[in-house]
Amino acid sequence: MLHCRKHNAQQDMNDIREETGISTPTAVFIAKDLSKTYQMGEVQVRALQDVNLTIYRGEFIVLLGPSGSGKSTLLNILGGLDRPSSGSARFAEHELTGASDADLTRYRREHVGFVFQFYNLIPSLTCRENVELVTDIAHNPMPAAEALRMVGLEDRMDHFPSQLSGGEQQRVAIARAIVKRPEVLLCDEPTGALDYVTGKLVLEVIERINRELGTTAIVITHNAAIAGMADRVLHLGGGRIQREDVNPHKISPSELSW
Ligand SMILES: Nc1ncnc2c1ncn2[C@@H]1O[C@H](COP(=O)(O)OP(=O)(O)OP(=O)(O)O)[C@@H](O)[C@H]1O
Ligand SMILES: [Mg+2]
């Protein structure tokens, strides 16, 4: 009887979704009981402890937490740069936990764009050439010029990194991350080395990519004000998710202040 009612409720929900055009959210990442322990000689460092989370397609997630709380460790496991000690992490239909190095390399190459605090551009290549390094090996890339246009650097394509400001270099790094049309954009303190105005410009670019391309974005920051632009904020502490806030009304980066 109960089963029957549940079924009907689900059916009703599906009907409502169909009528209103609201589609069922698709999980991009599912982590179950994820733990990561580093053995440093005699000392065990518990970087992550029993993390459970689901992240849905198109979400903008902000990861907040003090230094050492496990933010980068979590992002690196989701991005296939690191492996958990126990538990499981899945990206869409790919199980990441038991994957071989070659599988993880392919996963990163095909599905993930990374942006780090430091831009890691190749100084002897122009902006366009830095981005083309990725288009050369991607399956279905957009033209390098289009990626650079999306980050507002269409006029600077033939400049070298040393001719650009820090914020502009970070935007090249974002263009390089998105040119292969990744499903997810993982950003570890993308504004950490930038001043206020430049940092906001970079956040605007990440928000635009999330909105226009539907790319799921996870952004690590120490800056609690940035949480205002997220759909959901995960607070990490001591390797655990301590709290999760859903933003009913997210605000645009230009309206953030700190
Ligand atoms: N390769 C490693 N070897 C040993 N311990 C590590 C390693 N990487 C991270 N840790 C430890 O794991 C814990 C979590 O580190 P993590 O880098 O995930 O923190 P974080 O939240 O990103 O911090 P921050 O804000 O300073 O970047 C820390 O105590 C850190 O010292
Ligand atoms: Mg970190």
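Before reading further, recall that the structure is shown in the block above.
Asks: Honestly, the pattern of salt bridges in this entry has me stumped. Any pointers?
Replies: Where charged atoms from two side chains of opposite charge approach closely, those side chains can pair. For the structure shown, the criterion picks out 12 salt bridges. Residues participating in the shared-partner salt-bridge network are Glu-59, Arg-232 and Glu-244.

Asks: I keep staring at the packing of helix H6 (residues 166–178) against helix H7 (residues 196–213) and nothing clicks. Help me out?
Replies: Helix-helix packing is characterised by the crossing angle of the two axes and by the distance between the axes. For the pair H6 and H7, the least separation of the axes is 9 Å and the interaxial angle reads 20 degrees. If you check the angle between H6 and H7, you find them roughly parallel. In this structure, the crossing between H6 and H7 has a hand that is right-handed. Together, Gly-167, Gln-170, Arg-171, Ile-174 and Ile-178 of H6 and Thr-198, Leu-201, Val-202, Val-205, Ile-206, Ile-209 and Leu-213 of H7 make up the contact between the two elements. Considered class by class, the residues forming the contact of H6 with H7 number eight nonpolar, three polar and one charged.

Asks: Explanation requested: the site of ligand 1 in the structure shown.
Replies: Among the 14 residues in the neighbourhood of ligand 1, the closest are listed as Ser-67, Gly-68, Lys-71, Thr-73 and His-222. Side-chain polar atom of Ser-72 to an oxygen atom of ligand 1: 2.8 Å apart, as the coordinates give it. A distance of 2.8 Å separates an oxygen atom of ligand 1 from a polar side-chain atom of His-222. When ligand 1 is considered free in solution it has 630 Å² of accessible area, and contact with the protein chains removes 65% of it. For the shell around ligand 1, the secondary structure elements donating two or more residues are strand S1 (27–40), strand S2 (43–56) and helix H2 (71–78). Take the shell around ligand 1: its biggest share by element is three residues, from H2. Tallied by class, residues from the shell around ligand 1 come to five nonpolar, seven polar and two charged.

Asks: I would appreciate a short explanation of the sheet that holds strand S9 (residues 232–237) in the present structure.
Replies: As a general point, the strands of a sheet are linked pairwise by backbone hydrogen bonds and lie either parallel or antiparallel. In space, the six strands of this open sheet follow the order S6-S7-S8-S3-S9-S10, with mixed pairing throughout. On the outer flanks of this sheet lie strand S6 (112–115) and strand S10 (240–246), each paired with one strand and no other. Averaged over neighbouring strand pairs, the angle between their axes works out to 20 degrees when direction is ignored. Running over the sheet, helix H3 (residues 101–111) touches S6 and strand S7 (184–188) and is turned about 80 degrees from S6. Relative to the sheet, H7 contacts strand S3 (60–64), S7 and strand S8 (216–221), its axis offset from that of S8 by approximately 155 degrees.

Asks: What's the story with the packing of aromatic side chains in this structure? I'm lost.
Replies: Applying the stated criterion across every chain, the model contains four aromatic pairs. With centroids separated by 4.8 Å and ring planes inclined at 65 degrees, the aromatic side chains of Tyr-196 and Trp-258 adopt a geometry described as edge-to-face. In this pair, Tyr-196 is assigned in helix H7 and Trp-258 in the segment after S10, connecting sequence segments 62 residues apart. Relative accessible area serves as the criterion here: at 33%, Tyr-196 is assigned to the partly exposed category.

Asks: Explain the state of the cysteines here, please?
Replies: A covalent bond bridging the sulfur atoms of two cysteines is what the word disulfide describes. Under the definition given, this model contains zero disulfides. There is no disulfide at Cys-127, and the cysteine sulfur nearest it, in Cys-187, is 18 Å away. By relative accessible area, which is 0% here, Cys-187 ends up buried.

Asks: Which parts of the structure should I look at to understand the pairing of S10?
Replies: Successive residues of a regular strand alternate their side chains across the two faces of the sheet. Where S9 and S10 come together, six bridges link them in antiparallel fashion. From the neighbouring strand, Arg-232 faces S10, where its bridge partner is Val-246. In sequence, S9 turns back onto S10 through a hairpin of two residues, with Gly-238 there showing a positive phi of about 55 degrees.

Asks: What exactly am I supposed to notice about a nonpolar patch on the surface here?
Replies: On the surface, Tyr-38, Met-40, Val-43 and Val-45 cluster together into a nonpolar patch covering about 350 Å² of accessible area. Only S1 and S2 provide two or more residues apiece to the nonpolar patch. By the secondary structure assignment, Val-45 is in strand S2.

Asks: Looking at this structure, I do not really get the sheet that holds strand S4 (residues 86–91). What am I missing?
Replies: Ordered by their spatial adjacency, four strands build an open sheet running S2-S1-S4-S5, and the pairing between neighbours is antiparallel. The open sheet has two free edges, formed respectively by S2 and strand S5 (94–95), since each of these has just one partner strand. Lying on the sheet, H2 is in contact with S1, S2 and S4; it crosses S2 at an angle near 60 degrees.

Asks: Would you take a moment to explain unusual backbone geometry for this structure?
Replies: Only a minority of non-glycine residues have a phi that is not negative, and only a minority of peptide bonds are not trans. If you check the backbone angles, Arg-181 has positive phi at about 55 degrees while not being a glycine. You can see Arg-181 is positioned in the loop between H6 and S7. Arg-181 sits in the partly exposed class, given a relative accessible area of 40%. The phi dihedral of Glu-189 is positive, around 50 degrees, even though this residue is not glycine. Among the structural elements, Glu-189 can be located in the loop between S7 and H7.

What counts and what doesn't
Residues numbered from 1 in each chain as written. Chains lettered and ligands numbered in written order. Predicted model: local features only at pLDDT ≥ 70, side-chain atom pairs only at ≥ 80, totals over all residues. Heavy atoms only, no water. Salt bridge = Lys/Arg side-chain N within 4 Å of Asp/Glu carboxyl O. Axes fitted to C-alpha atoms, helices over the stretch in contact; angles between N-to-C directions. Helix = DSSP H or I, 4+ residues; strand = E, 2+ residues; numbered from the N terminus. Parallel < 35°, antiparallel > 145°, perpendicular 65-115°, else oblique. Left-handed = near helix turned anticlockwise from the far one by under 90°. Contact = heavy atoms within 4.5 Å. Nonpolar A, V, L, I, M, F, W, Y, C, P; charged D, E, K, R; others polar. Near = heavy atom within 4 Å. Polar contact = N/O pair within 3.5 Å; in protein donor to acceptor, adjacent residues only side chain to side chain. Areas by Shrake-Rupley, 256 points an atom, 1.4 Å probe, with all protein chains shown as cover. Pairing = 2+ DSSP bridges. Phe/Tyr/Trp six-rings, centres within 6.5 Å; stacked < 30°, edge-to-face > 60°. Buried < 20%, exposed > 50% of the residue type's maximum accessible area, 1.4 Å probe, protein only. Disulfide = S-S within 2.5 Å. Patch = residues over 30% accessible without salt bridge, like charges linked within 9 Å, V, L, I, M, F, W, Y side chains within 5 Å.

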